[in-house]
Amino acid sequence: MTRARDIIEAVERVAPPSLAEDWDNCGLQVGNVDAGVNRVLVALTPLPEVFEEAAEVGADFLLFHHPLIFSPLKSVDTKSYPGNLLARAINEGRTVYAAHTSYDAAPDGVSVVLAETLGLRGPFGIVSPRGALRKLVVFVPEGHEDAVAEALSGAGAGVIGDYTQCTFRTPGTGTFLPGEGSDPYLGEKGTLQREAEIRVETVVPAHLARAAAEAATAAHPYEEVPIDTYPVEGFPQGCGYGRIGDLPEPLTAEGLSRRVSAALGSPARPVSDPAPEREVGRVAVLGGSGGSFIGEVAASGAGAYVTGDLDYHDALLAESLGLAAIDAGHAATELPSLKPLARRLAEMVDVPVSVSRIRR
């Protein structure tokens, strides 16, 4: 039987919780991780209509982008939001999980899908990188270093730019004294052993470090595997908010606005157009609410910015920085990401996964 914990583990491979912001509330919102799951429904926002749809299609696991519980609750009023939906989830036995900023900052998250939907060409730059890196070091007896390195690579370690399977290897001598309760791969109990070993080191995203260490351990011949991890400067490949790409052909802000409206099926409007006759080729996009990233977008070299929830002061800032800014709506810029999320999840779990028909 597929359980809620199995769905959660799969979701977190796509949207690692460590990428979420401290102010956010990603993760399990309501439910029991040991509960059985028959169907998953993926939706943007917790709404009564989504719960009604879940009842119709028999979905007992609701995966939302926006959290149902965002701020700490001092009381639960079951007559109003969010208490009404919390009560409903509990009474109907539905598990509720949110992948919010964890999916926003994921390598193939919200803004990647938005950039692709708008037809931008890559490779995509990142507006605001997120995440952390670790240096992973494992000491391996000679002859086993390739197997351990391959296991590390298979777990997502060793990626630097466009290069994969990146390691550095240093020969040395390892010493160990097997105790009475040990079962040494090399040497004998009670005898100090000196073995030729290889120090294999690589980089790994912090959110994959545990899995990489487990993969190295499984491929390692020793009973006790010597592994060290250290924090290092930098960001994991592909993690962060927003994406920057190139249009197939340059467009004015008005032309780009029409392109965005057609691609998203929702009206988009320029809120800043400092040079109406100017055509731009390089565009930054960020799904959801992107006003706080205007400075980083302007510094990136993009000539235009497509996002949602741009207010009066955001428009003034973009104008002063010479940046064309287009407000395409919060929901409209995030909705395209639901289908790819559902498709990837369906490949990893043994129950049906569908996308909600609710678009608001």
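All figures in this text were calculated on a predicted structure; none of them were measured in a lab. (Residues numbered from 1 in each chain as written. Predicted model: local features only at pLDDT ≥ 70, side-chain atom pairs only at ≥ 80, totals over all residues. Heavy atoms only, no water.)

1. Considerations on the pattern of salt bridges
Per the counting criterion, the structure on display carries 13 salt bridges. Between Arg130 and Glu21 there is a salt bridge, with the nearest N and O atoms lying 2.7 Å from each other. Of the two residues, Arg130 sits in the loop between strand 5 (121-129) and strand 6 (133-141) while Glu21 sits in the loop between helix 1 (4-14) and strand 1 (27-30), which places them 109 residues apart along the sequence. On the accessibility criterion, Arg130 (24% relative accessible area) is partly exposed. The closest approach of N and O atoms between Glu56 and Arg357, which form a salt bridge, is 3.0 Å. With Glu56 in helix 2 (residues 48-57) and Arg357 in the segment after strand 15 (353-355), this residue pair connects regions lying 301 residues apart in the sequence. With respect to class, Glu56 is no different from Arg357; both count as exposed. (Salt bridge = Lys/Arg side-chain N within 4 Å of Asp/Glu carboxyl O. Helix = DSSP H or I, 4+ residues; strand = E, 2+ residues; numbered from the N terminus. Buried < 20%, exposed > 50% of the residue type's maximum accessible area, 1.4 Å probe, protein only.)

2. Here we look at the packing of aromatic side chains
As enumerated under the stated definition, the model contains five aromatic pairs in all. Here the aromatic rings of Tyr241 and Phe293 are separated by 5.6 Å at their centres, their planes lie at 65°, and the arrangement is edge-to-face. Linking Tyr241 in strand 10 (residues 240-251) with Phe293 in the loop between strand 12 (280-289) and helix 9 (294-300), this pair joins segments that are 52 residues apart in sequence. Exposure remark for Tyr241: the relative accessible area of 7% places this residue in the buried category. Using a relative accessible area of 10% as the deciding quantity, one classes Phe293 as buried. An aromatic cluster is defined as three or more aromatic residues linked by ring pairs; in this entry it consists of Phe176, Tyr185 and Tyr222. (Phe/Tyr/Trp six-rings, centres within 6.5 Å; stacked < 30°, edge-to-face > 60°.)

3. Considerations on unusual backbone geometry
For the peptide bond that leads from Tyr81 to Pro82, omega is 0°, which places it in the cis range. Cis peptide bonds are those with omega within 30 degrees of zero, and the linkage from Gly122 to Pro123 qualifies with 5°. Following the sequence through the fold, Pro123 ends up in strand 5. Of note, the phi angle at Gln165 is positive, near 55°, even though the residue is not glycine. Mapped onto the fold, Gln165 is located in the loop between helix 6 (145-154) and strand 7 (168-176). Classification of Gln165 as exposed rests on a relative accessible area of 58%. A positive phi is found at Asp309, a non-glycine position, where the angle reads about 60°. Mapped onto the elements of the fold, Asp309 is located in the loop between strand 13 (304-308) and helix 10 (312-320). Residue classification places Asp309 among the partly exposed positions, given a relative accessible area of 38%.

4. Things to note about the nonpolar core
Residues Ile7, Val40, Val42, Phe61, Leu63, Tyr103 and Leu345 are the most contacted members of the largest nonpolar core, which totals 27 residues. Residue assignment for this core shows that the elements contributing at least two residues are helix 1, strand 2 (40-43), strand 3 (61-64), helix 5 (110-117) and helix 12 (338-346). Considering every element that reaches this core, the biggest residue donor is helix 1, with six residues. In contact with Leu63, other than residues within four places in its own chain, are Val11, Val40, Leu41, Val42, Ala43, Tyr97, Ala99, Leu341 and Leu345. The next biggest cluster of nonpolar side chains, apart from the first, holds 20 residues, and it includes Leu114, Leu118, Ala253 and Val306. (Core = buried A, V, L, I, M, F, W, Y, C linked by side-chain atoms within 4.5 Å. Contact = heavy atoms within 4.5 Å.)

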